[in-house]
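Spelled out, the chains give:
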Amino acid sequence: MSTESTTETPAGQVENLKEKVVQAIKLVYDPEIPVDVYDLGLIYEITVYPVNNVYVLMTLTSPNCPSAEYIPTEVKDKIQQIQGINNVEIELTFDPPYSQDMMSEAAKLELGFL
């Protein structure tokens, strides 16, 4: 007789929520570039804690980015719209500095770098 449970493990729930966070972040675009901030490589780290708090470490294409206030706020807003999310913390860093090497292959293709 199987005692297999149909409920997700806490680790499975965190991974499922992390995928939802990634999908929410992919809705945010740099207004000057037709690629989402995730594929641009602006997201350095996403941590989802078992209590559904989310921490995102991110950067911008440049410290002088005209959208410096707008983009992190929009990332936070999109994540907070996910059902079940408690607290969202966005940390902005410029270390390591952003470079085009951080872009996904899809972003490089979209922008004509491949």
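Residues numbered from 1 in each chain as written. Predicted model: local features only at pLDDT ≥ 70, side-chain atom pairs only at ≥ 80, totals over all residues. Heavy atoms only, no water.

1. Details of the confidence of the model for the chain
Confidence in the prediction for the chain averages 88 pLDDT; 91% of positions are at 70 or higher. Of all helices and strands in the chain, the one with the weakest mean pLDDT is helix H1 (residues 10-25) (88), whereas strand E2 (residues 54-58) scores best (98). Low confidence marks residues 1-7, where pLDDT is under 50. Its contacts with residues over four positions away, or in another chain, come to zero contacts. (pLDDT = per-residue confidence, 0-100. Helix = DSSP H or I, 4+ residues; strand = E, 2+ residues; numbered from the N terminus. Contact = heavy atoms within 4.5 Å.)

2. Section: the pattern of salt bridges
Within this structure, the stated rule accounts for one salt bridge. With a closest N to O distance of 3.9 Å, Asp39 and Lys26 form a salt bridge. On the criterion of sequence distance, the pair formed by Asp39 in helix H2 (residues 37-40) and Lys26 in the loop between H1 and H2 is long-range, its members being 13 residues apart. (Salt bridge = Lys/Arg side-chain N within 4 Å of Asp/Glu carboxyl O.)

3. A look at the sheet that holds E2
On the basis of which strands lie adjacent, the open sheet formed by three strands has the order E1-E2-E3 and mixed pairing. For this open sheet the edge positions go to strand E1 (43-48) and strand E3 (88-92), each flanked by a neighbour on one side alone. Across the sheet, the mean angle from the axis of one strand to that of its neighbour is 10°, orientation sign disregarded. Across five bridges, the pairing between E2 and E3 is parallel. Directly across from Val56, in E3, lies its bridge partner Ile90. With respect to the sheet, helix H3 (residues 70-80) is in contact with E2 and E3, its orientation differing from that of E3 by roughly 160°. (Pairing = 2+ DSSP bridges. Axes fitted to C-alpha atoms, helices over the stretch in contact; angles between N-to-C directions.)

4. Thoughts on the nonpolar core
One finds Val21, Ile25, Val37, Val54, Val75, Ile79 and Ile85 to be the most contacted residues of the largest nonpolar core, which totals 28 residues. For this core, the secondary structure elements donating two or more residues are H1, H2, E1, E2 and H3. By residue number, the principal contributor to this core is H1, which donates six residues. Leaving out residues up to four positions away in the same chain, Val37 has contacts with Ile25, Val28, Tyr29, Asp30, Leu42, Ile43, Ile71 and Val75. (Core = buried A, V, L, I, M, F, W, Y, C linked by side-chain atoms within 4.5 Å. Buried < 20%, exposed > 50% of the residue type's maximum accessible area, 1.4 Å probe, protein only.)

5. Here's the deal with the side chain of Lys108
Within the secondary structure layout, Lys108 lies in helix H4 (residues 105-110). The charged side chain of Lys108 is buried without a salt bridge, its nearest counter-charge being Glu105 at 4.2 Å. Residues within four places of Lys108 in sequence aside, it is in contact with Gln100, Asp101, Met103, Phe113 and Leu114. (Lys, Arg positive; Asp, Glu negative; His and termini not counted.)

6. Quick look at the environment of Ser67
Checked against the element boundaries, Ser67 lands in the loop between E2 and H3. With a relative accessible area of 9%, Ser67 lands in the buried category. Between the alpha carbons of Ser67 and Leu17 there is a distance of 27 Å; along the sequence they are 50 residues apart.

7. Details of the side chain of Asp36
You can see Asp36 is positioned in the loop between H1 and H2. From its side chain, Asp36 meets the backbone nitrogen of Asp39 in a polar contact 2.8 Å long. Those residues in contact with Asp36, other than ones at most four positions away along the chain, are Lys26, Val28 and Tyr29. (Polar contact = N/O pair within 3.5 Å; in protein donor to acceptor, adjacent residues only side chain to side chain.)

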